[in-house]
Every structure is written in C-alpha cells, then in structure tokens.
Amino acid sequence: MAIDESLIERTAHLLDRARYLNLATSRDGAPWVATLEYAWFAGPLRFVFGSSTGARHSGDIRADPRVSGSLFVTEGAAGVAFASVDGAQFTGRCTEIGPGELEAYHAPFYETVFPDAGQRARWQLPPERLRGAAPHRLYRVDVERWWLIDTRHWEEDRIDRRVRLPLDAGTQARLSARARVRAVSP
C-alpha cells in the first residue's frame, strides 16, 4: 500500500513541534492521563520522557505497560483556522529505561527537552539519579499504532475521523530521514 507522503510530513512536523504528549495509563480499571515533555526517536518510532518512580502513571506502567496518548500543535492563538491545528493519537508499550540503555538515551533526551544549555545544566538529572534506588527514571514508549486527524474529510463534512499511518519498515525509514535525534538504536 502506497503511503501518502503528506502523512509522514505531518507526523514529523507534529513530533518536532509538539512540546508535550498526553500519556494515558490504567490500573485496576481506573484511567489516568499525564502530560509529559518528551523526545522522539525513529526507526522504530519511540518516545522518551522522564518521571518520578512514585508518579501515578509510573506505577500504572509497572502494573500494565500498555499505553495510549496524543499530541497536538497549533500554529497560533485561540481562534486560528482549522488548517493550522493538527494532532495525532498512538498506542504502544512503555517501560523504564534500564541501566544498559540509559547512556544512549540520556543526552539526546535532555538536549531535546532543554535545548538551551543553561536550562539543561540547571534541570538535567545525572545518570546516577536515574537508576538504582533513585526516585526518577527515563521511560520509553515503543509506538505500535499511529493515527492523524483526518483533516481532508473534516473540510468536506465536519465529521471528526482519524487516518492510520502504518508504521511499517518503509514508513519508519522515511520518518528516520526526518528525525532530529538520531544515533539511538532500540
């Protein structure tokens, strides 16, 4: 199946421009949503975020790694044209980044979340504060399914739909070519 290149362009734009993702977890039938800063990695598509091990979503992830989420961008203030708003939804599995992978994700995550070196120096946790008995971790979401807002049909009939972008090898390679952060293998 041929993938519309504009879906990949929109995906890369969203991943680069959205500052936060909303991550939904669940435990014992009780849903939860956390808004998190993230870095994205391609080949395959992954999100990395940092959080306290005592946070509700961290406990949910330990109990059940299945997650879903969304991210969106607006190019202006309230009242902007619909065409300047875009968003995506995803499902995947989330796990703590273990000591063996921490060095690979640590610098790219903090460089993405804090592009200003001064802010990064102030807020970046050193690797030793992200493992062992430390109260913080980096987490990785391995994205399994990805949907974009179906803006084309919305323009026609005002019915809210999603269009799925298959994350096959070809799509992953095209996203990798657009990724700002490289050099991290899963």
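To be clear, the structure that these remarks concern was listed above.
All residue numbers here refer to positions counted from 1 along the written sequence of the relevant chain. Per-residue local features of the predicted model are confined to residues with pLDDT of at least 70, and side-chain atom pairs are confined, for both listing and counting, to 80 or more; whole-chain, interface and lining totals are unaffected and use all residues. To obtain the side-chain values, all non-hydrogen atoms of the structure were included, while hydrogens and water were left out.

A. Structural detail: the nonpolar core. Of all hydrophobic cores here, the largest spans 33 residues; its most connected members are L23, F47, L71, F90, V141 and W146. Looking at this core, the elements with two or more residues in it are α1 (5–17), β1 (20–27), β2 (30–37), β4 (46–52), β5 (66–74), β6 (85–96) and β7 (136–149). Put simply, buried Ala, Val, Leu, Ile, Met, Phe, Trp, Tyr and Cys residues joined by side-chain atoms within 4.5 Å make one nonpolar core. Think of it in three bands: with a 1.4 Å probe and only protein chains considered, a residue is buried below 20% of the maximum accessible area for its type, exposed above 50%, and partly exposed in between. In terms of nonpolar packing, the next biggest core, distinct from the first, is built from 13 residues, Y105, F109, V113 and L138 among them. Comment: elements are numbered from the N terminus, with helices defined as DSSP H or I runs of at least four residues and strands as E runs of at least two.

B. Looking closely at the environment of F90. Mapping F90 onto the fold places it in strand β6. Sequence separation between F90 and L148 is 58 residues, and the spatial gap between their C-alpha atoms is 8.9 Å.

C. Focus on helix α3 (residues 99–113). How far a helix is expected to stretch is found by multiplying one less than its residue total by 1.5 Å. Taking 1.5 Å of rise per residue, the 15 residues of α3 would be expected to cover 21 Å, and the 21 Å separating its terminal C-alpha atoms lies within 8% of that figure. Listed as buried for α3 are L102, Y105, H106, P108, F109, Y110 and V113. Taken together, the buried residues of α3 touch β2, β3 (39–41), β4, α4 (117–123) and β7. When checking whether two residues touch, look at their non-hydrogen atoms; a contact exists if any pair is within 4.5 Å.

D. Representation of the side chain of R137 within the structure. With respect to the secondary-structure elements, R137 resides in strand β7. Within 3.5 Å is the distance limit for a polar contact, defined as a pair of N or O atoms, with the added protein rule that one can donate a hydrogen and the other accept it, and that residues adjacent in sequence qualify only through two side-chain atoms. At 2.9 Å, the side chain of R137 forms a polar contact with the backbone oxygen of A134. R137 has contacts with F49, G50, S51, T53, E96, L130, R131 and G132, leaving out every residue within four places of it along the chain.

E. Just the environment of T74, in detail. Tracing the chain through its elements places T74 in strand β5. When the C-alpha atoms of T74 and L14 are compared, they prove to be 9.8 Å apart, with 60 residues separating the residues in sequence.

F. Main features of the pairing of β5. Side chains of β5 alternate between two faces, with V67, G69, L71 and V73 buried and R66, S68, S70, F72 and T74 left unburied. Strands are labelled as partners when DSSP assigns at least two bridges between them. Sheet analysis places β1 next to β5, joined by 3 bridges and oriented antiparallel. By the bridge assignment for β5, N22 is matched with S70. In terms of strand pairing, β5 meets β6 through 9 bridges, oriented antiparallel. Residue pairing in the sheet places V73 in a bridge with D86 of β6.

G. Quick peek at the environment of A134. Structurally, the position occupied by A134 is in the loop between α4 and β7. When residues no more than four places from it in sequence are discounted, the contact partners of A134 are T53, E128 and R129.

H. View of the packing of α1 against helix α6 (residues 169–178). Where α1 contacts α6, the axes come no closer than 10 Å and their chain directions differ by 45°. The angle between α1 and α6 falls in the class oblique. Between α1 and α6 the crossing geometry is right-handed. Contacts between α1 and α6 involve E5, I8, E9, T11, A12 and D16 on the former and, on the latter, T171, R174, L175 and R178. Broken down by class, the residue content of the contact of α1 with α6 amounts to 3 nonpolar, 2 polar and 5 charged. Note on geometry: axes are C-alpha line fits, over the in-contact stretch for helices, and angles between N-to-C directions span 0 to 180 degrees. With respect to orientation, any angle under 35 degrees is reported as roughly parallel, any angle over 145 as roughly antiparallel, any angle of 65 to 115 as roughly perpendicular, and every other angle as oblique. In this scheme the crossing of two helices becomes right-handed for a clockwise turn of the near helix relative to the far one and left-handed for an anticlockwise turn of less than a right angle. When residues are grouped by polarity, Ala, Val, Leu, Ile, Met, Phe, Trp, Tyr, Cys and Pro land in nonpolar, Asp, Glu, Lys and Arg in charged, and all others, Gly among them, in polar.

I. Main features of the side chain of S58. Mapped onto the secondary structure, S58 falls in helix α2 (residues 56–63). Side-chain polar atoms of S58 contact the side chain of Y139, separated by 3.1 Å. Setting aside residues up to four positions removed in sequence, S58 forms contacts with S51, S52, T53 and Y139.

J. Just the pattern of salt bridges, in detail. The rule for a salt bridge is simple: a side-chain nitrogen of Lys or Arg has to be within 4 Å of a carboxyl oxygen of Asp or Glu. Using the criterion set out here, one finds 12 salt bridges in the structure. In this structure, E144 engages R93 in a salt bridge whose closest nitrogen and oxygen atoms are separated by 3.6 Å. Here E144, found in strand β7, pairs with R93, found in strand β6; they are 51 residues apart in sequence, far enough to count as distant. The closest approach of N and O atoms between E101 and R140, which form a salt bridge, is 2.9 Å.

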